[in-house]
Amino acid sequence: MKKLAITLLIIAGLFTVSCGDNSTPNNTKDNDTNDTVELEVTDNTTGSDETTDTEKVPETAKTSTSTTYECKLDNGNTIVIGTKAEDTIKSLGEPLDFMEAPSCVHPGSDKVYTFDGFTVSTSPDAAGVEYITELSLLSDVVALESGIMIGSSADDVTAALGSDFTEKFGVRTYLIDDITISITFTDDYITAFSISKPMQ
């Protein structure tokens, strides 16, 4: 009877230790049962366990493809980088120019619609749906709602977009998730400006 009681205490102690280990996910990699419990715990909290990260890759990919960036123009138009293009292109009216070329990523064509003072570029996804991938400003005819346009100063850009950027060879780059804002300066004034998101 004493042996049975001692055995039960040891099992209870091991169970307590293994449950305690679940609060620190990286300490119990060797036990399959503990790994299963870890997945449940880390999945509901931080997701810092390597196995959990692997399982979350599809979710990360979904987040990546759903990243958008809203660009309000001072002409009243709003272009949201990373969204379906059809309604936006229709709302912008007849383009002044249009170009297309076969996409290097998915079946279908990459397209560039030129409007007064700006261009909108689109690319197809794997299903052939056209998404907005870039807005480029061409001249001071149009500006972002914040006032940034071709000809704005570097100080104006910093005031509007902040100082969290990299700069190389006169090109300033802001990264927001998978959105890239590229600004080319000549003598501290914008000569080229684009906001883009690559098609995955």
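Along each chain, numbering runs from 1 in the same order as the chain's sequence is written. Only residues with pLDDT of at least 70 get local features here, since the model is predicted, and only at 80 or more are side-chain atom pairs given and counted; chain-wide, interface and lining totals rely on the full set of residues. The side-chain numbers reported here are obtained from all heavy atoms of the structure, hydrogens and water having been left aside.

1. Describing the overall build of the protein chain
Here is the rule: Segments assigned H or I by DSSP are reported as helices when at least four residues long, segments assigned E as strands when at least two residues long, and all are numbered from the N terminus. Residues are treated as being in contact if the distance between any of their heavy atoms lies within 4.5 Å. Shrake-Rupley sampling with a 1.4 Å probe provides the accessible areas, and residues are treated as covered by the protein chains on show and by no other component.
A tally of regular secondary structure across the protein chain gives six helices and ten strands. Pairs at least 24 residues apart make up 36% of the contacts formed inside the protein chain by residues separated by at least 6 positions. Only carbon and sulfur atoms are counted for the fraction: they give 55% of the accessible area of the protein chain, which is about 12200 Å².

2. As for the sheet that holds strand E8 (residues 171–176)
Test applied: Note on pairing: two strands pair once DSSP finds at least 2 bridges between them. The angle between two axes is taken between their N-to-C directions and runs from 0 to 180 degrees, where each axis is a line fitted to C-alpha atoms and a helix contributes only its stretch in contact.
A sheet is described by the order of its strands in space; here eight strands give the open sequence E3-E4-E5-E6-E10-E9-E8-E7, paired in antiparallel fashion. Each edge of the open sheet carries a strand with a single partner, namely strand E3 (97–102) and strand E7 (166–168). Recorded for the sheet is a direction-independent mean angle of 15° between the axes of neighbouring strands. Both strand E4 (residues 109–115) and strand E5 (residues 118–124) contribute to a ladder of five bridges, which runs antiparallel. Pairing of Thr114 across the sheet is with Thr119, part of E5.

3. So, the nonpolar core
Cut-off, in case you're wondering: Nonpolar core, defined: a set of buried Ala, Val, Leu, Ile, Met, Phe, Trp, Tyr and Cys residues in which side-chain atoms within 4.5 Å join the residues together. With a 1.4 Å probe rolled over the protein chains alone, any residue whose accessible area is under 20% of its type maximum counts as buried; one over 50% counts as exposed, and the rest are partly exposed.
In terms of nonpolar packing, the biggest core is built from 28 residues, with Ile79, Phe118, Val120, Leu135, Leu144 and Phe193 touching the most fellow members. The set of elements that each furnish at least two residues to this core consists of strand E2 (78–81), E4, E5, strand E6 (130–137), helix H6 (154–161), strand E9 (179–186) and strand E10 (189–196). Top contributing element to this core by residue count: E9, with four residues. In contact with Phe193, not counting residues within four places along its chain, are Leu135, Ser136, Leu137, Leu144, Ile148, Ile150, Ile181, Ser182 and Ile183.

4. Side note on the pairing of E5
For E5, a buried count of seven out of seven residues is recorded, marking the element as mostly surrounded by other parts of the structure. Burial along E5 is two-sided: the face carrying Phe118, Val120, Thr122 and Pro124 and the face carrying Thr119, Ser121 and Ser123 are both buried. Between the end of E4 and the start of E5, which pair antiparallel, lie two residues, with Gly117 showing a positive phi angle near 95°. One ladder, built from seven bridges, connects E5 with E6; its direction is antiparallel. Bridge pairing links Thr119 to Ser136 in E6. Turn length for the E5-E6 hairpin, with the two strands adjacent in sequence and antiparallel, is five residues, and the turn residue Gly128 shows positive phi of about 85°.

5. Overview of the pairing of strand E1 (residues 69–72)
Strand direction decides the pairing type here: E1 and E2, joined by four bridges, are antiparallel. Bridging from a neighbouring strand, Lys72 pairs with Thr78 of E2. What sits between the antiparallel neighbours E1 and E2 is a turn of five residues, in which Gly76 has the positive phi angle 95°.

6. Comments concerning unusual backbone geometry
Here the phi dihedral of Asp177 falls at roughly 55°; this positive angle occurs in a residue that is not glycine. The topology assignment puts Asp177 in the loop between E8 and E9. A residue is classified by how much of its surface remains accessible, and Asp177, at 68% relative accessible area, is exposed.

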